[in-house]
Amino acid sequence: MTTTPILILGGKGKTGRRVVEQLDARGIPVRLASRSSEQRFDWYDEGSWDGAVAGIDTAYLAPPVGPTGLEQAGKFIKQAAAEGLRRVVLLSGRGVGSPDREFAVYESSVALEHAVQDSGADWTIIRPAWFMQGFSEDWLHDHVMAGELRLSAADGGEAWIDTNDIGDVMTAALLDEKHTGEIYSLSGPRLLTLSDVADELSAVTGRPIRYVDLEPEQHVAELVEYGQTLEDSESVRDLFAVIRNHKSEYLSDGIHQVLGREPRDFSDWARATAKTGVWSA
Ligand SMILES: NC(=O)c1ccc[n+]([C@@H]2O[C@H](COP(=O)([O-])OP(=O)(O)OC[C@H]3O[C@@H](n4cnc5c(N)ncnc54)[C@H](OP(=O)(O)O)[C@@H]3O)[C@@H](O)[C@H]2O)c1
């Protein structure tokens, strides 16, 4: 068993923390690196990169959302591979591989995927759909608590995925070299519009939750008011435009390809998550 730690960038996030749990359970050492970790790492502070990557063979990389951060991540991977990183598992996005992708949104993600593929390190790229845990562990939690999902997805469907499923795939990719050079697209088993999501969450919380459709520019304004940067807010608006334009209405079979099982359904996830009390008033 390896004694060299696996570097987890974004290890306190919705996917990274699942990967850390799984590696911990197998007794595999990890090095968490982020702004709030003991090993400090900031995508925007290149002086923090060397310490994180020193002595590391393998890394899990959950990049930032906006174009500037994605560009920094590309720069990082190039530098890290030159300094000895041999294997990287990249969290990307499902739309990158969609045949009719709206290119502008994904341009920076495509560039990052290319940077990983050209880095000289062995790589696996994971492209998941939107995360169910956005509603329980991230900014959409506040929308659930307020009873209004205020987004700009209109009546477009999305194949929401449980990040526990993503964590299982990431762990397999980090530990088994047979996944080298593979790109996996992951989704949940069912398409749900935001109104469907609101209904599901109303049913499990016992509180009325409705979907409020925003014009895209109103969506940006509300995200900025909430505290997100303008660049990230515009990226989120554009990612929701993909849903709004019905470009996310397909299922992907990466969970089955890698794990040989079916992904978790939204209703099952919502029921179990409600029991944790995360949506209790
Ligand atoms: N949300 C979705 O539905 C979805 C779907 C597909 C793909 N994605 C992609 O998933 C990625 C996000 O992954 P996630 O949801 O697992 O993470 P997350 O929950 O958003 O957490 C972000 C992680 O990154 C760290 N971080 C934030 N800013 C940082 C910075 N400037 N420097 C270093 N570390 C930083 C945070 O820790 P600290 O605060 O300690 O720094 C935290 O560990 C994005 O690339 C997104 O495009 C998301």
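Going by the structure above, here's the rest.
Residues numbered from 1 in each chain as written. Predicted model: local features only at pLDDT ≥ 70, side-chain atom pairs only at ≥ 80, totals over all residues.

Undergrad: Where do I start with the sheet that holds strand β9 (residues 183-186) in this structure?
TA: With parallel pairing, seven strands are arranged side by side in an open sheet as β3-β2-β1-β4-β5-β6-β9. For this open sheet the edge positions go to β3 (39-40) and β9, each flanked by a neighbour on one side alone. Here strand β6 (residues 122-128) runs beside β9; their pairing, made up of four bridges, is parallel. Residue P128 lies in a different strand from β9, and its bridge partner there is L186. (Pairing = 2+ DSSP bridges. Helix = DSSP H or I, 4+ residues; strand = E, 2+ residues; numbered from the N terminus.)

Undergrad: Even after reading the chapter, I still don't get unusual backbone geometry, so can you show me in this structure?
TA: Negative phi values dominate among residues other than glycine, just as trans dominates among peptide bonds. Even without being a glycine, A154 presents a positive backbone phi close to 50°. Within the element layout of this structure, A154 appears in the loop between β7 (148-151) and β8 (157-158). The class for A154 is partly exposed, based on 18 C-beta atoms found within 10 Å. (Buried ≥ 20, exposed ≤ 12 C-beta atoms within 10 Å, placed from the backbone.)

Undergrad: Help me out: how do you make sense of the site of the ligand in this one?
TA: The ligand sits among 26 residues. The nearest are G13, T15, S34, R35 and S36. The residue makeup of the shell around the ligand, split by class, is 11 nonpolar, 10 polar and five charged. (Near = placed C-beta within 6 Å. Nonpolar A, V, L, I, M, F, W, Y, C, P; charged D, E, K, R; others polar.)

Undergrad: Could you clarify how one ought to interpret the nonpolar core in this entry?
TA: Across soluble globular proteins, nonpolar side chains have a tendency to be buried as a group. Ranked by internal contacts, the top residues of the largest apolar core, which has 77 residues, are Y60, L61, V88 and I126. The element that contributes the greatest number of residues to this core is helix α3 (residues 67-82), accounting for six residues. Among residues more than four places away in sequence, those in contact with L61 are L9, A73, V88, V89, L90 and L91. (Core = buried A, V, L, I, M, F, W, Y, C linked by C-beta atoms within 7 Å. Contact = placed C-beta atoms within 7 Å.)

Undergrad: Which parts of the structure should I look at to understand helix α7 (residues 163-175)?
TA: Along an α-helix, residues three or four apart share an orientation, since each turn contains 3.6 residues. Taking 1.5 Å per residue as the helical rise, α7 with its 13 residues ought to reach 18 Å, and the 18 Å between its terminal C-alpha atoms agrees with that figure. Counted residue by residue, α7 has 10 buried out of 13 residues, so it is predominantly covered. When we look at burial in α7, the residues that qualify are T163, D165, I166, G167, D168, V169, M170, T171, A173 and L174. (Expected span 1.5 Å × (residues − 1).)

Undergrad: So what exactly am I meant to see when it comes to the pairing of strand β1 (residues 6-9) here?
TA: When a strand is regular, its side chains alternate between the sheet's two faces. Here β1 shows a buried face lined by I6 and I8 and a second buried face lined by L7 and L9. Bridge count between β1 and strand β2 (residues 30-34): four bridges; the pairing is parallel. If you follow I8 over to β2, its bridge partner there is L32. In this view, the connection linking β1 to its parallel neighbour β2 by way of helix α1 (residues 16-25) has right-handed handedness. Bridge count between β1 and strand β4 (residues 58-61): three bridges; the pairing is parallel. Bridging from a neighbouring strand, L9 pairs with L61 of β4. (Right-handed = clockwise from strand over helix to strand, strands pointing away.)

Undergrad: Please clarify how the packing of helix α9 (residues 216-226) against helix α10 (residues 230-244) should be interpreted in this entry.
TA: The relative placement of two packed helices comes down to the angle between their axes together with the axis-to-axis distance. α10 packs onto α9 with a crossing angle of 140° between their chain directions and a minimal axis gap of 9 Å. Overall, the two elements α9 and α10 adopt an arrangement that is oblique. The chirality of how α9 crosses α10 is right-handed. Residue-level contacts link P216, H219, V220, L223 and V224 of α9 to L230, S233, E234, V236, R237, F240 and A241 of α10. Here the residues of the contact of α9 with α10 sort into eight nonpolar, two polar and two charged. (Axes fitted to C-alpha atoms, helices over the stretch in contact; angles between N-to-C directions. Parallel < 35°, antiparallel > 145°, perpendicular 65-115°, else oblique. Left-handed = near helix turned anticlockwise from the far one by under 90°.)

Undergrad: Help me out: how do you make sense of the environment of A81 in this one?
TA: Structurally, A81 can be placed in helix α3. C-alpha of A81 to C-alpha of D57: the two residues are 24 residues apart in sequence and 9.2 Å apart in space. If we skip the residues at most four places from it in the chain, A81 touches S119, G120 and A121.

Undergrad: Help me out: how do you make sense of α10 in this one?
TA: Helix length check: α10 (15 residues) gives 20 Å between terminal C-alpha atoms against 21 Å at 1.5 Å per residue, within 8%. Regarding α10, the residues found buried are S233, E234, S235, R237, L239, F240, V242, I243 and R244. Positive backbone phi, at 60°, marks H246, one or two positions downstream of α10.

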